[in-house]
Every structure is written in C-alpha cells, then in structure tokens.
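The residues making up each chain are set out below.
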Amino acid sequence: MAVDPSGDGLKRFLAEDPGGPVVMLNLLRFREGGEKSYARYSKTVGELILGRYDSEVLYYGKGSTALVAEDGQAWDAVLLVRYPSREVFARMVADPDFQAVAHFRSEALSEAVLQATVPLT
C-alpha cells in the first residue's frame, strides 16, 4: 500500500492545478508503534518547515467512532494542511530538510490517503 507521493502523482497534481490555495486531506493508518515515528515527523515539519512555506495545519485529530464505514475503513488519524498553492506543496516536499524527516512518515504508516481538496464556493 502506497503511503508517499510518487513522481507521476505529483506531476498529475501539478497539471490539474485549478490555482489558489490547496487543503490537503491526510487519512492515516499507523503501523504498530508508528504513532511515535509520525509524531517525530509531524513535530519537525510543523515547527521547522511549514512556516517557511506559509502553510499551516488546520486540523489534526485521532479517528473515533466510524458511523458509516465498512470493516477496515476507519482511519487512525485525520490531518488537514493548507498550502498557498500546489506548487508550494511540491517545493516543500523537495526541500532537503523535509526529505531528511520524510522517512519517519513512511515508517509510521501502513496505509494513507493524501488528497488535494478545492473549495466548492
């Protein structure tokens, strides 16, 4: 199961850019013991990297009771992060400081969804 963006995925993400800010939806399923590794990743990204890209965590929460979901569809955590643009997101993931800690995210997760959202209004 993929947990990290691929080169082809990033190309499509940039090619389909409607312009303007983007909120990235992260649905996270942790490996056993992965929450510690993810906490290390998110602390570094949150404190040292997001600000330099004028980006921010809008919400980070633990998954709770799933009201509508098949078995195995509930997520351990949900994260929403706002970036000024898709191009800014792509620059951030290429940043050497981000790359230095990205492995903590990969090691932490058994499954993930990383999906761009666009406002309806």
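Residues numbered from 1 in each chain as written. Predicted model: local features only at pLDDT ≥ 70, side-chain atom pairs only at ≥ 80, totals over all residues. Heavy atoms only, no water.

1. Remarks on the packing of aromatic side chains
Considering all chains together, one arrives at six aromatic pairs under this definition. Ring geometry for F30 and Y38: centres 5.6 Å apart, planes at 65°, overall edge-to-face. Taken together, the ring pairs in this structure connect F30, Y38, Y41, Y60 and F98 into an aromatic cluster. Lying across the ring of W75, R29 places its NZ or CZ 4.2 Å from the centre. (Phe/Tyr/Trp six-rings, centres within 6.5 Å; stacked < 30°, edge-to-face > 60°. Lys NZ or Arg CZ within 6 Å of the ring centre and 35° of its normal.)

2. Focus: the nonpolar core
One broad trend across soluble globular proteins is that nonpolar side chains are buried collectively. Ranked by internal contacts, the top residues of the largest apolar core, which has 27 residues, are Y38, Y83, M92, F98 and L109. At the level of elements, β1 (22-30), α2 (34-49), β3 (77-83), α3 (86-94), α4 (96-108) and β4 (109-117) are the ones that each hand at least two residues to this core. Of all the elements, α4 adds the most residues to this core, at five residues. With residues near it in sequence (within four places) discarded, F98 still touches Y41, V45, I49, M92 and V93. (Core = buried A, V, L, I, M, F, W, Y, C linked by side-chain atoms within 4.5 Å. Buried < 20%, exposed > 50% of the residue type's maximum accessible area, 1.4 Å probe, protein only. Helix = DSSP H or I, 4+ residues; strand = E, 2+ residues; numbered from the N terminus. Contact = heavy atoms within 4.5 Å.)

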